[in-house]
Amino acid sequence: MQARLRARARGVYDVKCVTRNAIDVTRCILLEGAIQKADYIVVGSNSGLGMMDNWKFSITRNIAARAHCPTVIIHSRLHTSTPDIGNIAA
């Protein structure tokens, strides 16, 4: 709900936020993107130095590499303020 409100506050109105439980996070996100016929998949990345940060970034890279649509990676403000845009066909 917060993500939708933040998007709308910035002028993006056609946003769908979905919550799922999954063992394979990458697969779940890709499947949901395909089901929703998403134009873009937007994911966050901290790209920190910790083990959990590396695991999360690995998921982000896998999504960008396998997505059926462009993937926008939003890095934390500590590293950069501009998103990387991947357009890698599955």
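What you see is a predicted model; the values in this text were computed from it and never measured.

### Description of the environment of arginine 10
Phase 1: Structurally, arginine 10 is set in the loop between α1 (2–9) and α2 (25–35).
Phase 2: In this structure the side chain of arginine 10 is engaged in a polar contact, spanning 3.2 Å, whose partner is the backbone oxygen of arginine 6.

### A few points about a nonpolar patch on the surface
Phase 1: Taken together, the side chains of Tyr40, Val42 and Ile74 define a hydrophobic patch exposed on the protein surface, amounting to about 310 Å² of accessible area.
Phase 2: With respect to the secondary-structure elements, tyrosine 40 resides in the loop between α2 and β1 (41–45).

### Quick look at the pairing of strand β2 (residues 71–75)
Phase 1: The buried fraction of β2 is high, at four of five residues.
Phase 2: Across five bridges, β1 lies against β2 in parallel orientation. Looking across to β2, one finds that valine 42 is bridged to valine 72.

Definitions and limits used
- Residues numbered from 1 in each chain as written.
- Predicted model: local features only at pLDDT ≥ 70, side-chain atom pairs only at ≥ 80, totals over all residues.
- Heavy atoms only, no water.
- Helix = DSSP H or I, 4+ residues; strand = E, 2+ residues; numbered from the N terminus.
- Polar contact = N/O pair within 3.5 Å; in protein donor to acceptor, adjacent residues only side chain to side chain.
- Patch = residues over 30% accessible without salt bridge, like charges linked within 9 Å, V, L, I, M, F, W, Y side chains within 5 Å.
- Areas by Shrake-Rupley, 256 points an atom, 1.4 Å probe, with all protein chains shown as cover.
- Salt bridge = Lys/Arg side-chain N within 4 Å of Asp/Glu carboxyl O.
- Buried < 20%, exposed > 50% of the residue type's maximum accessible area, 1.4 Å probe, protein only.
- Pairing = 2+ DSSP bridges.

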